[in-house]
Amino acid sequence: MLYLRKMQFSEEELNRLRDEYGGYLWTAIDIHRGIITAGDEYLADLRDFLLMKRSKPEDILCAGVNLETGEIFYPTLINRRNPYVNRDGVPDVFRERVNTLMRYFFESIPNYRAERERPRYSRKPTALSFD
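Residues numbered from 1 in each chain as written. Predicted model: local features only at pLDDT ≥ 70, side-chain atom pairs only at ≥ 80, totals over all residues. Heavy atoms only, no water.

Considering the packing of aromatic side chains
Okay, step 1: Taken as a whole, this structure holds five aromatic pairs when the rule is applied.
Okay, step 2: Geometrically, the ring pair formed by Y3 and F9 is edge-to-face, given 5.6 Å between the ring centres and 80° between the ring planes. Considered together, Y3 and F9 belong to a single accessibility category, that of buried residues.
Okay, step 3: Relative to F73, the ring of Y24 has its centre 5.7 Å away and its plane inclined at 45°; by these criteria the two rings are tilted. Linking Y24 in strand β2 (residues 24-30) with F73 in strand β5 (residues 72-73), this pair joins segments that are 49 residues apart in sequence. (Phe/Tyr/Trp six-rings, centres within 6.5 Å; stacked < 30°, edge-to-face > 60°. Buried < 20%, exposed > 50% of the residue type's maximum accessible area, 1.4 Å probe, protein only. Helix = DSSP H or I, 4+ residues; strand = E, 2+ residues; numbered from the N terminus.)

This is how it looks when you write it as structure tokens:
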């Protein structure tokens, strides 16, 4: 079953995807519009589906996610179609955006939930003053 999402996956959908794909899922993400496609065996089909939905080729990145551990993998061959990806792989700016979107879409993964609950600051932030 192919999913095109702009909101989080539910527990039921994640369990269905885990059962169907054995815990490892391929995704294609439009990093500009914040849209994800998941649920197909071929990255090219996921990418083409986003292109049909009027995503720009330079905004699409493909990634694999392990639904048990939350690890994200970036296949180099399909991402080479993106003009901003070079031989060294996906730039850090794109990786950061993909990681943020993955944590949002797959919030039900235990590692992502723990990541969200950990404190973001080492000390309490100061209040803003408008004097």
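Back to the text.
Focus: the side chain of D59
Okay, step 1: Along the chain, the position of D59 falls in the loop between α2 (43-52) and β4 (60-66).
Okay, step 2: Buried within the structure, D59 lacks any salt-bridge partner; K56 is the closest side chain of opposite charge, at an N-O distance of 5.2 Å.
Okay, step 3: Not counting residues up to four positions away in its chain, the partners in contact with D59 are I29, D30, I31 and H32. (Lys, Arg positive; Asp, Glu negative; His and termini not counted. Salt bridge = Lys/Arg side-chain N within 4 Å of Asp/Glu carboxyl O. Contact = heavy atoms within 4.5 Å.)

Topic: the pattern of salt bridges
Okay, step 1: Taken as a whole, this structure holds three salt bridges when the rule is applied.
Okay, step 2: One salt bridge in this structure joins R5 and E13, with 2.6 Å as the shortest N-O distance. Like E13, R5 is buried.
Okay, step 3: Here E12 makes a salt bridge to R16, at a shortest N to O gap of 2.8 Å. Taken together, the residues span about one helical turn, with E12 and R16 both in helix α1 (residues 11-21) at a distance of four residues.

A word on α1
At 3.6 residues per turn, the α-helix brings residues three or four places apart onto the same side.
Okay, step 1: Taken as a whole, α1 has its buried residues at E13, L14, L17, R18 and Y21. Down the axis of α1, the smallest arc covering the buried residues is 140°, so these residues share one side. Residues of α1 that are exposed and point over 90 degrees away from its buried face: E12 and D19.
Okay, step 2: Its buried side turned inward, α1 meets β1 (3-5) and β2.
Okay, step 3: Positive phi appears at G22, one or two residues downstream of α1, with a value of about 70°. (Arc of directions from axis to C-beta.)

A word on the environment of D59
Okay, step 1: For D59, a relative accessible area of 15% gives the class buried.
Okay, step 2: Separated by 27 residues in sequence, D59 and H32 place their C-alpha atoms 5.9 Å apart.

Let's talk about the nonpolar core
Okay, step 1: Formed by 24 residues in total, the largest nonpolar core has its most connected members in F9, L25, L67, V98, M102 and F106.
Okay, step 2: Among the elements of the structure, α1, β2, β3 (35-38), β4 and α4 (92-105) are those that each provide at least two residues to this core.
Okay, step 3: Counting residues per element, this core draws most heavily on α4, which supplies five residues.
Okay, step 4: When residues no more than four places from it in sequence are discounted, the contact partners of F9 are Y3, L14, L17, I36, A38, F105, F106 and S108.
Okay, step 5: Core analysis: the next-biggest nonpolar cluster, separate from the first, contains seven residues, I35, L43, L50 and I60 among them. (Core = buried A, V, L, I, M, F, W, Y, C linked by side-chain atoms within 4.5 Å.)

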